[in-house]
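# Descriptive analysis of the structure
So the chains spell out like this:
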Amino acid sequence: MPSLLHFLAFNRPSSSRGMTLMELLITLAVASVLLTLATPNIINLYSSNALTTQANEIVSLLNYARSEAIGRNRTILFCRANNLSDSTCVTSTGSWKNWLILSGTSVIRRGTLSNSAGMILTSNFTNDTITFSPDGLARNGANLVNAQFLQIQTATSTRCIVMGAGSRTNVKNITGNC
């Protein structure tokens with residue numbers, strides 16, 4: 001007994017071109033099943049890429065602040081700001097939206113963190129401020145930084161930017177909190 005595909009392929013007039021309605025419906029059904037299976041993975045991929053991009057940007061900013069401290073032979077601050085136009089650090093902890101890199105009272109750089117994929121950035125640094133001294137070491141208040149972090153979180157994933165001894169930076173991909 002011939003199969004349905006054999007019937008569809010060989011029982012058409014030789015002058016017929018294109019697809020039959022049955023072939024089109026089968027193609028649409030297969031495509032819709034594949035799209036239904038792929039959509040959650042595409043959404044997770046987007047969220048994961050957004051987290052990775054934001055984590056890499058913050059690591060780059062930390063490295064920049066550290067290199068400025070060494071190059072200028074001055075203390076440099078990397079901190080949270082209330083607004084993009086602010087020129088002073090916020091003196092409390094909270095969710096990061098804007099950041100500053102300061103040398104004394106002079107703003108070296110400022111910017112806004114991405115809020116795509118519902119990202120929330122928090123830290124466990126005192127007053128959300130990291131101080132880089134001229135020797136290139138990061139300090140939290142008067143103490144050298146060791147195992148302190150900035151945390152970027154979405155509903156499903158977290159990136160922990162951990163600063164360890166010697167101001168080394170490490171990004172960890174986890175679920176839950178740092």
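Parameters and conventions
Residues numbered from 1 in each chain as written. Predicted model: local features only at pLDDT ≥ 70, side-chain atom pairs only at ≥ 80, totals over all residues. Heavy atoms only, no water. Buried < 20%, exposed > 50% of the residue type's maximum accessible area, 1.4 Å probe, protein only. Helix = DSSP H or I, 4+ residues; strand = E, 2+ residues; numbered from the N terminus. Pairing = 2+ DSSP bridges. Axes fitted to C-alpha atoms, helices over the stretch in contact; angles between N-to-C directions. Contact = heavy atoms within 4.5 Å. pLDDT = per-residue confidence, 0-100.

## A closer look at the pairing of strand E4 (residues 120-123)
- Where burial is concerned, the two faces of E4 differ: the one with Leu 121 and Ser 123 is buried and the one with Ile 120 and Thr 122 is not.
- In the sheet, E4 pairs with strand E8 (residues 148-153) via four bridges, with the strands oriented antiparallel. For Leu 121, the partnering residue across the bridge sits in E8 and is Ile 152.

## Concerning the sheet that holds strand E10 (residues 169-174)
- In spatial order, the strands read E4-E8-E9-E10; together these four strands make up an open sheet with antiparallel pairing. Two strands close off the open sheet at either side, each with one partner strand: E4 and E10. Adjacent strand axes in the sheet meet at a mean angle of 20 degrees, parallel and antiparallel pairs treated alike.
- With six bridges joining them, E8 and strand E9 (residues 158-163) adopt antiparallel strand pairing. Looking at E9, one finds that Leu 150 is bridged to Ile 161.
- Across the face of the sheet, helix H2 (residues 21-72) comes into contact with E4, E8, E9 and E10 while running at roughly 15 degrees to E9.

## Side note on the confidence of the model for the protein chain
- This prediction gives the protein chain a mean pLDDT of 87; 90% of its residues lie at or above 70.
- Across the protein chain, the secondary-structure element scoring lowest on mean pLDDT is helix H1 (residues 4-10), at 57, and the one scoring highest is strand E2 (residues 98-103), at 95.

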